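Each chain is listed here by its residues.
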Amino acid sequence: MSDNGVKEPSELEKKIIRQIEYYFGDVNLKRDRFLQEKIKEDDGWVPLETMIKFNRLKALTEDFSVITAALEKSTANLMEISEDRNKIRRLPSKPLPQDTTEYRRNVREKSVYCKGFPLDAEVGQIQDFLDRFGETEHVMMRRDRENKFKGSVFATFRDKESSTKFLREEGLKYGETELIKMTKENYFLKKVEERKQKREEEKLKKQQEKERKEREAIEAQKAEFGDYEKGCILHFSSASDQMSREDLKEFFSEYGTVSWIDFVRGQTEGHIRFDKDTPAASVLEKAKAANDNKLTVRGCDLETRVLEGEEEEIHWAKIHENMSMVRLKKQQGRKGKFNKGRPAKTKGPRDTGVKYQGKKTVFKDDSDEEEGEAASGSEAEQQEAEAPEESKGTKRPLDEPEEQSEETPAKQIKTGEETS
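Definitions and limits used
Residue indices begin from 1 for each chain and proceed along its sequence in written order. Thresholds applied to this predicted model are a pLDDT of at least 70 for local features of residues and 80 or more for the giving and counting of side-chain atom pairs; totals over whole chains, interfaces and linings are not thresholded and use all residues. Values reported for side chains reflect all heavy atoms of the structure, with hydrogen atoms and water molecules removed beforehand. UniProt positions are given in the numbering used here, feature names are shortened, and annotations may be inferred rather than shown by experiment. By the convention used here, strands pair only if DSSP detects at least 2 bridges between them. Put simply, DSSP H or I for four residues or longer makes a helix, DSSP E for two residues or longer makes a strand, and each gets a number counted from the N terminus. Orientation is described by lines fitted to C-alpha atoms, with helices fitted over the stretch in contact, and by angles between N-to-C directions that extend from 0 to 180 degrees. Working rule for contacts: check all heavy atoms of both residues, and any pair within 4.5 Å makes them a contact. Burial classes follow relative accessibility: with a 1.4 Å probe on protein chains only, a residue under 20% of its type's maximum area counts as buried, one over 50% as exposed, and anything between as partly exposed. Side-chain atoms within 4.5 Å are what join buried Ala, Val, Leu, Ile, Met, Phe, Trp, Tyr and Cys residues into a set we call a nonpolar core. Here a cavity denotes grid points, spaced 1 Å and computed from the protein atoms alone, that fit a 1.4 Å probe unable to get out, and a pocket denotes an open set having protein on both sides within 12 Å along at least 5 of 7 lines; residues with an atom within 4 Å of a point are the lining. Grid points are joined across faces, edges and corners, and a volume is the space filled by probe spheres set on the points. Each residue is assigned to one class: nonpolar for Ala, Val, Leu, Ile, Met, Phe, Trp, Tyr, Cys and Pro, charged for Asp, Glu, Lys and Arg, and polar for all the others, Gly among them.

- The chain carries the name Lupus La protein homolog in an unreviewed UniProt entry, which gives Acanthaster planci as its organism.
- Here the chain is described in UniProt, under the heading Subcellular location (unreviewed entry), as follows: "Nucleus".

As structure tokens, this is what we get:
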């Protein structure tokens, strides 16, 4: 007998009470849409005929009288039985708590994560295990996409003291397996950190893969074009809108042989390549010594540095890549010459007898400064590929070599990229 004279519930009745109070408890009822809809139909009453269709209750009993007799022995005072004893409901005087910040904080404080249960374990077994530390309001078995138990649960105890007692238990085992446990909040924080770390690892992996491909490209370029002259390329910045390649060449030619200038008017930075006999560092030293340690071109004090190491390798790789593209275009152009004069394959008639006329396009001289500034490149062959259409439209002199040498001096190149 209990203190109020009510006979103590049997083990079966304890399980029935526990199961029904779980269904109508704060945590489950907030998320159980089916039960919420049933409650709306009849002022909160739910027929026992409906309740015994719930698998876990059905496994205990389908006898209405056994269920009602068990609920009458509950000390939680959560449930109410109808007069005809065919319906039950949560007491109207105990409505669901409002979803406030305080309520959510309270739920977080008494909710835990636990991992290490057998994959064939049942929720009742896990619930009984956790009840050793205090009664649980809710136990959610975590499942994968195939609905298979993952061996871990989220559990919410009725009070914070019970969850704290559970978490403080050291070396806790289920069978022979030691359990991993933490607050539910810490579990999610850990997962966020793990995802962040995973993203960083993937980002690092992509960066390493990119660097590997760049190294391979550099090695491939070296194999095709040979090694490059180191220390010949000068990077500059802080250029004005009015600065031109001619201004740069005029200034730096006093201190070394300028082989190439990669710069377009309107940009603020670019590259200057010097002859191997006058390395960029030497040119820079002479220019600064002669100009009070300043490099002033068209009223602008340039900021400069000599390319070194990986930066220099990547720059040369781009030069060689541009050269390869120019060679490919030339080869394709030669193939096109063999087809010159042959009738094009068309679906319509080959000759309609109509002659089209249009005005002629007058090409400007290549030496025009504005046209010359419109293109940029890093190599003699690249220059031909990227030069303005006006320069591409001119005939190549008969004595011009089939391919421009990579080391052709700037003054011998006659396209818009030329520095002289």
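Moving on from the coordinates now.
1. Here's the deal with the sheet that holds strand β15 (residues 303–306)
Moving on, step 1. With respect to topology, four strands assemble into an open sheet ordered β11-β12-β10-β15, the strand pairing being antiparallel. The two strands at the open ends of the sheet, each matched to only one other strand, are β11 (258–262) and β15. Each strand axis lies, on average, 20° off the axis of its neighbour in the sheet, ignoring direction.
Moving on, step 2. Of the strands in this sheet, β10 (233–237), β11 and β12 (270–274) touch helix α11 (residues 245–252), which is tilted by about 150° from β11.
Moving on, step 3. The strands touched by helix α12 (residues 280–290) are β10, β12 and β15; relative to β15, the strand with the most contacts, the crossing angle is about 145°.

2. Remarks on unusual backbone geometry
Moving on, step 1. At Arg85, a residue that is not glycine, the phi angle is positive and equals roughly 60°.
Moving on, step 2. As for its position among the elements, Arg85 is in the loop between β2 (79–81) and β3 (87–90).
Moving on, step 3. Positive phi, normally seen in glycine, also occurs at Asn293, with a value near 65°.
Moving on, step 4. Counting through the fold element by element, Asn293 comes out in the loop between α12 and β13 (296–297).
Moving on, step 5. By relative accessible area, Asn293 is classed as exposed at 57%.

3. Concerning the nonpolar core
Moving on, step 1. Ranked by size, the top nonpolar core spans 21 residues in total, and within it Met243, Leu248, Phe252, Ile272, Phe274 and Leu302 carry the most contacts.
Moving on, step 2. Secondary-structure elements contributing two or more residues to this core are β10, α11, β11, β12 and α12.
Moving on, step 3. Looking at this core, the element that brings in the most residues is α12, giving four residues.
Moving on, step 4. Filtering out sequence-adjacent residues up to four positions away, Phe274 remains in contact with Cys232, Leu234, Phe252, Gly256, Thr257, Val258, Ser259, Ala280 and Val283.
Moving on, step 5. If you look at the next biggest cluster of nonpolar residues, it comprises 20 residues, including Ile16, Ile52, Ala70 and Ile88.

4. Quick look at the layout of surface pockets
Moving on, step 1. In this model, the second largest pocket occupies a volume close to 800 Å³.
Moving on, step 2. The wall of the second largest pocket is formed by 30 residues, among which Glu11, Lys14, Lys15, Ile17 and Arg18 lie closest to the centre.
Moving on, step 3. Only α1 (11–23) and α8 (123–130) provide two or more residues apiece to the lining of the second largest pocket.
Moving on, step 4. By residue number, the principal contributor to the lining of the second largest pocket is α1, which donates seven residues.
Moving on, step 5. Partitioning the lining of the second largest pocket into residue classes produces seven nonpolar, eight polar and 15 charged.

5. Quick word on the sheet that holds strand β4 (residues 111–115)
Moving on, step 1. Spatially, the four strands line up as an open sheet ordered β5-β6-β4-β9, and their pairing is antiparallel. Lying at the two open borders of the sheet, with one neighbouring strand each, are β5 (136–143) and β9 (180–183). The average angle at which neighbouring strand axes cross in this sheet is 20°, direction not considered.
Moving on, step 2. In the sheet, β4 pairs with β9 via four bridges, with the strands oriented antiparallel. Paired with Cys114 across the bridge in β9 is Lys181.

6. Some words on the pairing of strand β6 (residues 149–157)
Two faces make up the sheet, and in a regular strand the side chains alternate between them.
Moving on, step 1. Among the nine residues that make up β6, eight are buried, leaving the element largely enclosed by the rest of the structure.
Moving on, step 2. Bridging between β4 and β6 involves five bridges; their strand directions are antiparallel. Opposite Ser111, over in β6, you have Thr156 as the bridge partner.
Moving on, step 3. Here β5 runs beside β6; their pairing, made up of six bridges, is antiparallel. If you follow Val139 over to β6, its bridge partner there is Ala155.
Moving on, step 4. In textbook terms, the turn of a hairpin is the stretch between consecutive antiparallel strands, and for β5 and β6 this stretch comprises five residues, one of which, Asn147, has a positive phi near 65°.

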